[in-house]
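Listed here are the chains, written in short residue letters.
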Amino acid sequence: MVSRVIPVETFDLVIFGGTGDLARRKILPGLFRRFCSGQMPDNAAIIGAARSEHDDAEYRQIVRDAIVEFGGAQAKRDAGMLDGFLEHVSYVAVDIKGESGWMALAGRLRGDVVRAFYFSVGPSLFGDIAERLHAFGLATSDSRIVVEKPFGHDLESARTLNATLAKHFAETQIYRIDHYLGKETVQNLMAVRFGNMLFEPLWNSQYVDHVQITVAETVGVGGRGAYYDKSGAMRDMVQNHLMQLLCLIAMEAPAKFDPDAVRDEKLKVIRALNPVDYHHIVRGQYAASDHDPSYRDDVDNARSTTESFIALKVMISNWRWAGTPFYLRTGKKLRARTSEIAVVFKDTPHSIFGEEAGRHRNVLSIQLQPNEGITLGVTIKEPGPGGMRLVDVPLDMTFADALGPDAEEVPDAYERLIMDVIRGNQTLFMRGDEVLAAWAWTDPLIQGWTSRREVPKPYDAGSSGPEDALMLMHRDGRRWRDIRA
Ligand code: NAP
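Criteria and cut-off values
- Residues numbered from 1 in each chain as written.
- Predicted model: local features only at pLDDT ≥ 70, side-chain atom pairs only at ≥ 80, totals over all residues.
- Heavy atoms only, no water.
- Near = heavy atom within 4 Å.
- Polar contact = N/O pair within 3.5 Å; in protein donor to acceptor, adjacent residues only side chain to side chain.
- Areas by Shrake-Rupley, 256 points an atom, 1.4 Å probe, with all protein chains shown as cover.
- Nonpolar A, V, L, I, M, F, W, Y, C, P; charged D, E, K, R; others polar.
- Buried < 20%, exposed > 50% of the residue type's maximum accessible area, 1.4 Å probe, protein only.
- Helix = DSSP H or I, 4+ residues; strand = E, 2+ residues; numbered from the N terminus.
- Contact = heavy atoms within 4.5 Å.
- Axes fitted to C-alpha atoms, helices over the stretch in contact; angles between N-to-C directions.
- Parallel < 35°, antiparallel > 145°, perpendicular 65-115°, else oblique.
- Pairing = 2+ DSSP bridges.

**Quick look at the site of the ligand**
- Taken together, 20 residues are adjacent to the ligand, and Thr-19, Asp-21, Leu-22, Ser-52 and Val-121 come closest.
- Within the contact set of the ligand, an oxygen atom lies 2.8 Å away from a backbone nitrogen or oxygen of Leu-22.
- At a separation of 3.5 Å, a nitrogen atom of the ligand approaches a polar side-chain atom of Asp-95.
- A total of 900 Å² of accessible area belongs to the ligand in isolation, and the protein chains cover 72% of it.
- Per-class residue counts for the shell around the ligand are 8 nonpolar, 7 polar and 5 charged.

**Thoughts on helix α6 (residues 126–135)**
- Of all 10 residues in α6, 7 are buried, a share of seventy percent or more.
- All of the buried residues along α6 are Phe-126, Gly-127, Asp-128, Ile-129, Ala-130, Arg-132 and Leu-133.
- Taken together, the buried residues of α6 touch β1 (11–16), α5 (102–108), β4 (114–119), β5 (144–147) and α7 (155–168).
- Note on α6: the residue one or two positions beyond its end, Gly-137, has a positive phi of about 70 degrees.

**A look at the packing of α6 against α7**
- Look at α6 against α7: their axes get within 9 Å of each other, and the N-to-C directions meet at 10 degrees. One finds that α6 runs roughly parallel with respect to α7. Note on element contacts: α7 touches α6 through Leu-161, Thr-164, Leu-165, Lys-167 and His-168, opposite Phe-126, Gly-127, Ala-130, Glu-131 and His-134.
- Class assignment of the residues belonging to the contact of α6 with α7 gives a composition of 4 nonpolar, 4 polar and 2 charged.

**Focus: the pairing of β1**
- Counting buried residues along β1, 6 of its 6 residues qualify, which places the element largely inside the surrounding structure.
- Examined bridge by bridge, β1 and β4 share 6 bridges and lie parallel to one another. Of the residues in β4, the one forming a bridge with Ile-15 is Tyr-118.
- Of the pairings in the sheet, the one linking β1 to strand β2 (residues 45–50) comprises 5 bridges and is parallel in character. Along β2, the bridge assignment pairs Phe-16 with Ala-49.

**Re the side chain of Asp-12**
- Along the chain, Asp-12 turns up in strand β1.
- Once you skip the residues sitting within four places of it in the chain, Asp-12 turns out to touch Ala-45, Arg-108, Leu-109, Arg-110, Val-113, Val-114, Arg-115 and Ala-116.

**Re helix α14 (residues 413–423)**
- Counting buried positions along α14 yields 10 of 11 residues, so the element is predominantly enclosed.
- If you check which residues of α14 are buried, you get Ala-413, Tyr-414, Glu-415, Arg-416, Leu-417, Ile-418, Met-419, Asp-420, Val-421 and Ile-422.
- For α14, the secondary structure elements touched by its buried residues are β1, α1 (21–37), β4, β5, β6 (174–176) and α8 (184–195).
- Of the residues that open α14, the one with a side-chain oxygen 3.0 Å from the backbone nitrogen of Tyr-414 is Asp-412.

This is the structure we're talking about:
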């Protein structure tokens, strides 16, 4: 069931921040899995570049340790291939803000292969890398750069960042990563929507009662407190990940599955979002529990008004979705770790089975975490002789079941996206104008609660968020789906 592996072209991939958390946790284990699957060509080169001094052997040890720690079950199984993978790996110490290391790095790059630079460093360094790549002649006209989130802090900073990158790179060379878009199920969502006749006629406000998008985490802000307290759930999650998911649910069918056609349709959705009334926004902060500190303790800021939870009711002003609310919520220290999009269809116009049959609704649930899969809730007769009783059963398209023992082979989002960079396919990356449009919608909401000096509502760790978030839906005669893994 797992798709054929087509090797990509030979490449030189430079990972700026090659010793950092993201590189060790995601990028390098992902590349190892692609190597094991046969997708990495024999003479591909991965070059770590960071500030600290290491020789190749020391860096290979760092990479080995990272793969053992974060590579999961597959890395354990394929441990015998690790030495072969490490032959592709080398290291150059580079000072991104200075002059040292750049000529050495230039000396490692080949002229006739795909060249990609992954900016896996803090965003304050993106401009320095872009400038020095150019100044030291490392950037060719078809080199690709991969830029991590956060892409700006607001509209103004995102504009500045776009302009800085645009000085040295064309938009077709810039890959703004949102790893949610690399998830198998997110792409499957497009296949389900646009590869079947079944759903599309019903995919509008006439048949869809509402849509819920939930991204819930059980962890708190952890060691990211200083960063997070300047950001909050709106900037860290809604402006990018939830917005992208909303776009994929709400967009019109692109004429073809190509980067600009898809991104044009997503952009139209963002531009059609209504400003959100402040009554339709609930922000929260997790409180201290018996064992754990509060959000304010975690960020070491007793007066912090940054939200660790947010719920919003969003309306889209276009023909397809006028009148259908999209409820978004995301937060930390919630009951379970789960990411789900639920498309809740309307009731049948009349129940021929009478009141006692109860209310039954079709729900298409797209689960992104912890397991990826799609289920469609369908109402059927409860089997047996007990009369006409109705029951909801899920039609399950969960990959783990469909793929059996091969399920864990489904590539992680990062490995898929890195291979897309090498292939030169930007479909699953955010375009500059999309990011700006998302900030243009987000900024006034943040300015609104800042100027009203709103303080987030406390909520218990392990709960579903503040009570007011429940009320946001109750007021509309609806309820959130349970947060459960
Ligand atoms: P990190 O652990 O702090 O690593 C930063 C890396 O940048 C290190 O390799 C460091 O090198 C290098 N570096 C810093 N200053 C440098 C300089 N002047 N010259 C050369 N190298 C320099 O950060 P991270 O968590 O990996 O995050 C990297 C980026 O990914 C950030 O933009 C972050 O927002 C984003 N991101 C991270 C995650 C995640 O799970 N970690 C998730 C999503 C997005 P030395 O070690 O040699 O100092």
